[in-house]
Amino acid sequence: MNLKVLLLLTITITYYEGAAQPRAKGIEEKVQQLTDITAKKSVIPLNINKFKEYVKSPPRDYSFVVMFTAMAPARRCAICQHVNDEYLLVANSFRFSAAYNNKLFFGIVDFDEGSDIFQMLRLNTAPVIMHFPAKGKPKPADTMDFERAGIHAEAIAKWIQDRTDVQIRVFRSPNYSAAVAFSTLFIILAGFLYIRRNNLEFLYNKQLWAVCAVFFCFAMVSGQMWNQIRGPPFFHRTKTGPVYINGGSHGQFVLESYIVAILNGAVVVGMILMIEAAGGVKNHDLTRTLAEGKRRRFQSVVGLILVCVFFSLLLSVFRAKTQGYPYSFLFK
């Protein structure tokens, strides 16, 4: 009896060892193939067969970050090219860094070459960056939120670190355009001040500094600093046409910030016209002629129209971006 049990146990162990060997070999083979492809291309192009084999099918002990995009000009995806460049920069930085290992791979799926994959994952927009973990299915947090995180390479690397614990240091090629522009501006200003060195009274002009301060406020209020940090696209092109206003409260387009700055500027001009029509800030009691009175009334009406029209447009933009705001009943 003991001999039969021992024989049965030996056969069982031999069977499981034989079944485990092909599984381990499958992982090693897949990792080796991915490593060989990555040695040539940092981002692996994926079709439906490669996606099922390397990303979806077990066994798998590595993570896969995949960008779903639509690069064809006919798709009119203006943001896709910019996101692709930043994504490629992250993949190249990881490939040639000391932190490179075979536990993380980068892939890309183009809609024209992998529409079946889009249908499989129920994706109806592009670009999308998803993380497929080594174990388990992707969670909602495994899809990158561009509106919150941004589309810069640094933001993508930070999101990958949060999902995989792999720290990627982004290596950008030196960009001297900002330094050249700043140096050129400094030289021009220095030359202008040197030429006017005997007459620098304009530096004490209050109106000049007031105008500069107002333009600086317009730039900051409209979100120019956010644009510099997050790097949003200029605008978004869809099948129904271009979109200039981002529908979310956590994002904006570059053109949208220009629109907001112009609207704020028009409101300020309207306020200045009404203040000047009323006699200025000091409000001196001046003897006015009939012609001057008509001019001031016309000026006040123009200022009032500017404030009402352009402030209502600002409220419309606010409503489009923040539909769930508690004060939304004011716009109905």
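Reading the values: rules and limits
Residues numbered from 1 in each chain as written. Predicted model: local features only at pLDDT ≥ 70, side-chain atom pairs only at ≥ 80, totals over all residues. Heavy atoms only, no water. 1 Å grid on protein atoms, 1.4 Å probe; cavity = no way out; pocket = protein on both sides within 12 Å on 5 of 7 lines; lining within 4 Å. Points joined across faces, edges and corners; volume = space filled by probe spheres on them. Helix = DSSP H or I, 4+ residues; strand = E, 2+ residues; numbered from the N terminus. Nonpolar A, V, L, I, M, F, W, Y, C, P; charged D, E, K, R; others polar. Domains from an automatic or database assignment. UniProt positions renumbered as here; feature names shortened; annotations may be inferred. Salt bridge = Lys/Arg side-chain N within 4 Å of Asp/Glu carboxyl O. Buried < 20%, exposed > 50% of the residue type's maximum accessible area, 1.4 Å probe, protein only. Phe/Tyr/Trp six-rings, centres within 6.5 Å; stacked < 30°, edge-to-face > 60°. Pairing = 2+ DSSP bridges.

Draft legend 1. Main features of the layout of surface pockets. The volume enclosed by the largest pocket comes to roughly 480 Å³. As for the largest pocket, its lining consists of 26 residues, and the residues nearest its centre are Ile79, Phe146, Glu147, Asn246 and Phe253. Those elements that place two or more of their residues in the lining of the largest pocket are helix H5 (146–149), helix H9 (224–230) and strand S5 (236–238). A class-by-class count of the residues in the lining of the largest pocket yields 13 nonpolar, 10 polar and three charged. The two domains that each donate at least three residues to the lining of the largest pocket are domain 1 (3–164) and domain 2 (205–281 + 288–321).

Draft legend 2. Geometry of the UniProt feature "transmembrane region" (unreviewed entry) in the chain. UniProt annotation of "transmembrane region" (unreviewed entry) refers to residues 176–195, 207–226, 258–281 and 301–320 when read in the numbering used here. Taken end to end, residues 207–226 is 90% helix and 0% strand, and its first and last C-alpha atoms sit 28 Å apart. Along residues 301–320 one finds 100% helix and 0% strand; the C-alpha atoms at either end are 29 Å apart.

Draft legend 3. Representation of the pattern of salt bridges within the structure. Summed over the entire model, instances satisfying the criterion amount to three salt bridges. Ionic pairing is found between Asp142 and Arg163, a salt bridge with its closest N-O pair at 3.0 Å. Linking Asp142 in the loop between strand S4 (128–132) and H5 with Arg163 in helix H6 (residues 153–164), this pair joins segments that are 21 residues apart in sequence. Close ionic contact of Lys158 with Asp162 constitutes a salt bridge, the shortest N to O distance being 3.1 Å. Here Lys158 and its partner Asp162 are both found in helix H6, four residues apart, which amounts to about one turn of the helix. In this structure Lys158 comes out as partly exposed when scored by relative accessible area, which is 45%.

Draft legend 4. Highlighting the packing of aromatic side chains. Per the stated rule, a full pass over the model turns up 11 aromatic pairs. For the ring pair Phe51 and Phe132, a centre distance of 5.6 Å and an interplane angle of 80 degrees mean the geometry is edge-to-face. Of this pair, Phe51 sits in helix H2 (residues 48–56) while Phe132 sits in strand S4, and the two are 81 residues apart along the sequence. On the accessibility criterion, Phe51 (0% relative accessible area) is buried. A residue is classified by how much of its surface remains accessible, and Phe132, at 3% relative accessible area, is buried. On the basis of an interplanar angle of 70 degrees and a centroid distance of 5.8 Å, the ring pair of Tyr87 and Phe106 is categorised as edge-to-face. Remark: Phe106 occurs in strand S3 (residues 104–110) and Tyr87 occurs in helix H3 (residues 78–95); sequence separation between them is 19 residues. Judged by its relative accessible area of 2%, Phe106 is buried.

Draft legend 5. Expanded view of the pairing of strand S2 (residues 63–69). For S2, the tally of buried residues reaches seven of seven residues, placing the bulk of the element in the interior. Here S2 shows a buried face lined by Ser63, Val65, Met67 and Thr69 and a second buried face lined by Phe64, Val66 and Phe68. Strand direction decides the pairing type here: S2 and S3, joined by seven bridges, are parallel. Across the sheet, the residue bridging to Met67 is Ile108, located in S3. In this sheet, S4 lies alongside S2 in antiparallel orientation, the contact comprising five bridges. Within S4, the residue paired with Phe64 across the bridge is Phe132.

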